[in-house]
Amino acid sequence: MATRATETERKFRIEDGQQVPDLSELVRLGETERHRLQAVYYDTPDLLLARNRRTLRRRTGGNDAGWHLKLPGDGDSRTEVGLPLTTGSAARLVPTALREQVTDIIGAAPLVPVLELRTNRTETQLTGPRGGSLAMLCDDKVTAVRRGEECSWRELEVELTRGRVELLDRITARFAEAGVPVSESVSKLVQALGEQLAEADRPARPRKATAAQVIGAHLADQVGVIQNREADVRADVPDSVHKMRVATRRLRSALRTFRALMDREVTDQLRAELKWLAGMLGAPRDAEVLRDQLRGELNALPADSVISPVAERIENTLDEQHRRAHRELVKALDSARFSRLATSLLDLVTDPPFTDYAGARAKGVLPELLGRVDRRVAKAWRRARGLEGAEAEEAWHLTRKRAKAARYAWEASIDVCGDEAAAMAGAWEQVTETLGVVQDCVVIRERLRELAEAATAAGESSFTYGVLHQRLVEREESARGPAVAALKAARKLSNA
């Protein structure tokens, strides 16, 4: 369970080797303890939390090991929300309860490790005449590690325990007299980030970006959606499974489409795990969609075509399938396998496995990769046109999946490729939508056969299922024309 407390503290700059000013006229010095602290700070890649005076860390060592989220308050006061350390495969994953506290700031952006702080701390109790604790004086020697670079400094921190702000003001005055001023940085994180924090607030220049920057940002966006949707998926909030599944598919697709830019020893394994997650998400989502589609088809029939309790069978069968699949999905999200995947996604954002090739300008690198994904759609389409029956259905479905990959790839490139990318993304979206109608008809017809067999076994009429089946056969045939037209338009636009 999360704890919530208000802390009032002030930080001071002090040089290495400089003596801590004498405070004996103000307080008594109590017990002293020494600790070695290690804290990993989490933020979005563009440091939204730090820019909005929030800090989120996972600290080990000392008397307050755990997850800590600090929120701005009045003056020297801040609210701290704490949770115990997570362990095992989930040790590095931000608890959902803390992410929910900052969703208004970060939206669906990913929370990833951005900085490590190693602190040698000397704590001294500052007490009153009768020995009661008034404040804690911390003398910290800090080393910050970010992207392989280190910087070190020393600072003092005075945090009130039972003392009043007036005591903090008197200590501040005494420190100032001794040449120990108040720190300009509100936190160690801000001190460590320095100019990088200001750079994060500057507008990007996407047209001059490298391929690694463009695709890295796209990958981070999808990881953020997966993180952001997890709590809603567990609670079965409407559309949450769909959103998380789409992000998973987009991420897996990008790792394939842009694999020439990355180390495949890393990305191939990650794609396999994302396929597993997409499958777990797909089961409850497919049952939900199929129920709604069949409900719509049934409602469109004339009343005299509905014989036997068809609606009840559809609702009961698919609702139960959804419940079972959702229970299995939650088990999967609770598993060590998912925790390992989620941790790998943190590494994908903070240390993406890009090759040297990815360091080239995106406008020079991406068009060739986008052309390849377009040609893959054209190849699948040529094969589908020469097949019939079940083989044709499978080939058309593959064509749709490749068109979806092309859409995702062009969408990821819009900031760099501009209007051309937007037009191509729209063209491939039209292909996926029209072929989606064809695929829906195939899937629904297959499920209707199963429902009809169950109805017959229960002594119910299968007439209505046959009517629905024939309607779907006709709709599938009529949908192929718009799908082919959309494919021709997209191919013409891409010259694939």
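A quick note: this is a predicted structure, and the numbers were derived from the prediction, not measured.

## Looking at the overall build of the chain
Thought 1: A tally of regular secondary structure across the chain gives 15 helices and eight strands.
Thought 2: Here the chain, with 496 residues, has 48% of them falling under the buried criterion.
Thought 3: Long-range pairs, those at least 24 residues apart, make up 73% of the contacts in the chain with a sequence separation of at least 6.
Thought 4: Accessible surface, the chain: about 24,400 Å² in total, of which carbon and sulfur atoms supply 47%.
Thought 5: Averaged over its 78 positive side-chain charges, the chain has a centre that lies 4 Å from the centre of its 75 negative ones.

## Side note on the UniProt feature "domain: CHAD" (unreviewed entry) in the chain
Thought 1: Residues given the UniProt feature "domain: CHAD" (unreviewed entry) here are residues 208-492.
Thought 2: Along residues 208-492 the backbone is 84% helical and 0% strand, and the end-to-end C-alpha distance reaches 28 Å.

## Some thoughts on the environment of Ala378
Thought 1: Following the sequence through the fold, Ala378 ends up in helix H12 (residues 362-385).
Thought 2: The spacing of Ala378 and Ala490 is 112 residues in sequence and 9.6 Å in space, taken between C-alpha atoms.

## Looking at the sheet that holds strand S3 (residues 55-60)
Strands in a sheet are paired, the pairing made by backbone hydrogen bonds, and the direction either parallel or antiparallel.
Thought 1: With antiparallel pairing, the eight strands of this closed barrel are ordered in space as S1-S5-S4-S3-S2-S6-S7-S8. Within the sheet, the average angular offset between the axes of one strand and its neighbour, ignoring direction, is 35°.
Thought 2: Pairing between strand S2 (residues 28-43) and S3: five bridges, direction antiparallel. Bridge pairing in S3 links Val40 to Arg58.
Thought 3: Running at roughly 20° to strand S1 (residues 3-13), helix H4 (residues 165-177) makes contact with S1, strand S6 (112-127), strand S7 (133-146) and strand S8 (149-160) of the sheet.
Thought 4: Where helix H11 (residues 336-350) meets the sheet, it contacts S2 and S6, and its direction lies at approximately 100° from that of S6.

## Re the packing of helix H13 (residues 389-412) against helix H15 (residues 463-494)
Thought 1: The interhelical angle for the contact between H13 and H15, taken along N-to-C directions, is 40°, at an axis separation of 13 Å. Relative to H15, H13 is oriented oblique. Of the two elements, H13 crosses H15, and the hand of that crossing is left-handed. Within the contact between the two elements, H13 uses Glu393, Trp396 and Thr399 and H15 uses Glu476, Arg480, Val484 and Leu487.
Thought 2: Class assignment for the residues of the contact of H13 with H15 results in three nonpolar, one polar and three charged.

## Re the domain arrangement of the chain
Thought 1: As far as domains go, the chain holds domain 1 (3-201) and domain 2 (208-495).
Thought 2: For domain 1 and domain 2, the distance between their C-alpha centres works out to 45 Å.
Thought 3: Listed as interface residues are 17 residues of domain 1 and, on the opposing side, 17 residues of domain 2.
Thought 4: Considering only the side of domain 1, the residues that lose the most area to domain 2 are Ser89, Arg92 and Leu93, jointly responsible for 38% of the buried surface there.
Thought 5: Counting across the interface, domain 1 meets domain 2 through one salt bridge.

## With respect to the UniProt feature "domain: CYTH" (unreviewed entry) in the chain
Thought 1: The UniProt entry lists residues 5-196 under the feature "domain: CYTH" (unreviewed entry), expressed in the numbering used here.
Thought 2: Summarising residues 5-196: 17% helix, 45% strand, and an end-to-end C-alpha distance of 30 Å.

## What to know about the packing of aromatic side chains
Thought 1: Counted according to the given criterion, the structure contains two aromatic pairs.
Thought 2: Plain terms: the ring middles of Phe12 and Phe175 are 4.8 Å apart, the flat faces sit at 85° to each other, and that makes the pair edge-to-face. Here Phe175 lies in helix H4 and Phe12 lies in strand S1, a separation of 163 residues in the sequence.
Thought 3: For the ring pair Tyr42 and Trp67, a centre distance of 5.2 Å and an interplane angle of 55° mean the geometry is tilted. Pair noted here: Tyr42 is in strand S2 and Trp67 is in strand S4 (residues 66-72), with a separation of 25 residues, a long-range link.

Conventions used here
- Residues numbered from 1 in each chain as written.
- Predicted model: local features only at pLDDT ≥ 70, side-chain atom pairs only at ≥ 80, totals over all residues.
- Heavy atoms only, no water.
- Helix = DSSP H or I, 4+ residues; strand = E, 2+ residues; numbered from the N terminus.
- Buried < 20%, exposed > 50% of the residue type's maximum accessible area, 1.4 Å probe, protein only.
- Contact = heavy atoms within 4.5 Å.
- Areas by Shrake-Rupley, 256 points an atom, 1.4 Å probe, with all protein chains shown as cover.
- Lys, Arg positive; Asp, Glu negative; His and termini not counted.
- Charge placed at Lys NZ, Arg CZ, Asp CG, Glu CD.
- UniProt positions renumbered as here; feature names shortened; annotations may be inferred.
- Pairing = 2+ DSSP bridges.
- Axes fitted to C-alpha atoms, helices over the stretch in contact; angles between N-to-C directions.
- Parallel < 35°, antiparallel > 145°, perpendicular 65-115°, else oblique.
- Left-handed = near helix turned anticlockwise from the far one by under 90°.
- Nonpolar A, V, L, I, M, F, W, Y, C, P; charged D, E, K, R; others polar.
- Domains from an automatic or database assignment.
- Buried area = accessible area lost by both parts, 1.4 Å probe.
- Salt bridge = Lys/Arg side-chain N within 4 Å of Asp/Glu carboxyl O.
- Phe/Tyr/Trp six-rings, centres within 6.5 Å; stacked < 30°, edge-to-face > 60°.

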